[in-house]
Amino acid sequence: MSSPGEYYNSLPPITKAYGTLCLFTTVANQLGLVAPVHIALFPQLVLKQFQIWRLISNFFFLGGFSINFGIRLLMIARYGVQLEKGPFERRTADFLWMMIFGSFTLLVLSVIPFFWTPFLGVSLVFMLLYLWSREFPNANISLYGLVTLKAFYLPWAMLALDVIFGSPIMPDLLGIIAGHLYYFLTVLHPLATGKNYLKTPKWVNKIVARWRIGAPVASVRQAGGVGAAGPGAGGGVGGGGAYSSARAPPESSNTAFRGRSYRLTD
């Protein structure tokens, strides 16, 4: 059994960085070093007082130390890691672009007063959960040991639990919307038309290469344009010819997860 340090070092770079920043932000809040009001997303302060950092800082706050915070952090460590190590293996630039696109989508949605929420960290985590559920829809999930369901329904089950326990529904719903938009643009639309309008930009690949983040970009691209075999085929998320590097065939990325049971909490 690996030590906590070995486990942490084994985590993929983007998920590790995001989870670490979320943890540090909550610790800083508990120690009184950072007040949530100073990092929350208030559009009027961004536009009128040019407090630009709020566009980024709000994504790193998942709330104070609580059961909900632990669950969100566990979701990053489980579903985010499985995405980055599975469908996005050796595609660090694509995973980073997915996170950037999801964050931008959430910011645009938050401009609408009905969708506004001061912190979008939970929404970004829910986007990861939604994409994982579409990539591995047939995985069996044990929800708190009470009920077993297919991974495809997990985001909606978690949303329902938040409603039952009195948590705000809007952050969860925003994450599902952003996740489905990314899935539609990279999987469903390319499958229907053969065209992908959400390819990873060159500047994202340059950042990954410049800072040597994750695995080096391979020169071999997926043949045939569309990289997904279809929804739930295990090769869906981030498909459509947007690959920055070679990846395993669609079925192989899902084989390790199909039919296996997962627990949301240990």
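Predicted, not measured: the structure shown is a model, and the values here were computed from it.

**Here's the deal with helix 11 (residues 202–210)**
Among the residues of helix 11, V204, N205 and V208 are the ones counted as buried. Buried residues in helix 11, looked at end-on, bunch into an arc of 100°, giving them a common side. Looking at helix 11, the residues exposed on the side facing more than 90 degrees away from the buried face are K202, K206, A209 and R210. A positive backbone phi angle near 55° is found at R212, which sits one or two residues after helix 11.

**Here we look at the pattern of salt bridges**
Scanning the model with the defined rule gives two salt bridges in all. Residue D162 is joined to R72 by a salt bridge in which the shortest nitrogen-to-oxygen separation is 2.7 Å. A residue pair is termed long-range when its members are at least 10 positions apart, and D162 in helix 9 (residues 154–164) and R72 in helix 6 (residues 67–85) qualify at 90 residues. We note a salt bridge from D94 to R91, for which the minimum N-O separation is 2.9 Å.

**Quick look at the environment of R91**
By the secondary structure assignment, R91 is in the loop between helix 6 and helix 7 (92–111). Here the alpha-carbon distance between R91 and G214, two residues 123 residues apart in the chain, equals 8.2 Å.

**Some points on unusual backbone geometry**
In the Ramachandran plot, R90 falls in the positive-phi region, its phi being about 60° despite a non-glycine side chain. By the element assignment, R90 lies in the loop between helix 6 and helix 7. The phi torsion at R212 lies on the positive side, around 55°, for a residue other than glycine. Here R212 shows up in the loop between helix 11 and helix 12 (250–255).

Conventions adopted
- Residues numbered from 1 in each chain as written.
- Predicted model: local features only at pLDDT ≥ 70, side-chain atom pairs only at ≥ 80, totals over all residues.
- Heavy atoms only, no water.
- Buried < 20%, exposed > 50% of the residue type's maximum accessible area, 1.4 Å probe, protein only.
- Helix = DSSP H or I, 4+ residues; strand = E, 2+ residues; numbered from the N terminus.
- Arc of directions from axis to C-beta.
- Salt bridge = Lys/Arg side-chain N within 4 Å of Asp/Glu carboxyl O.

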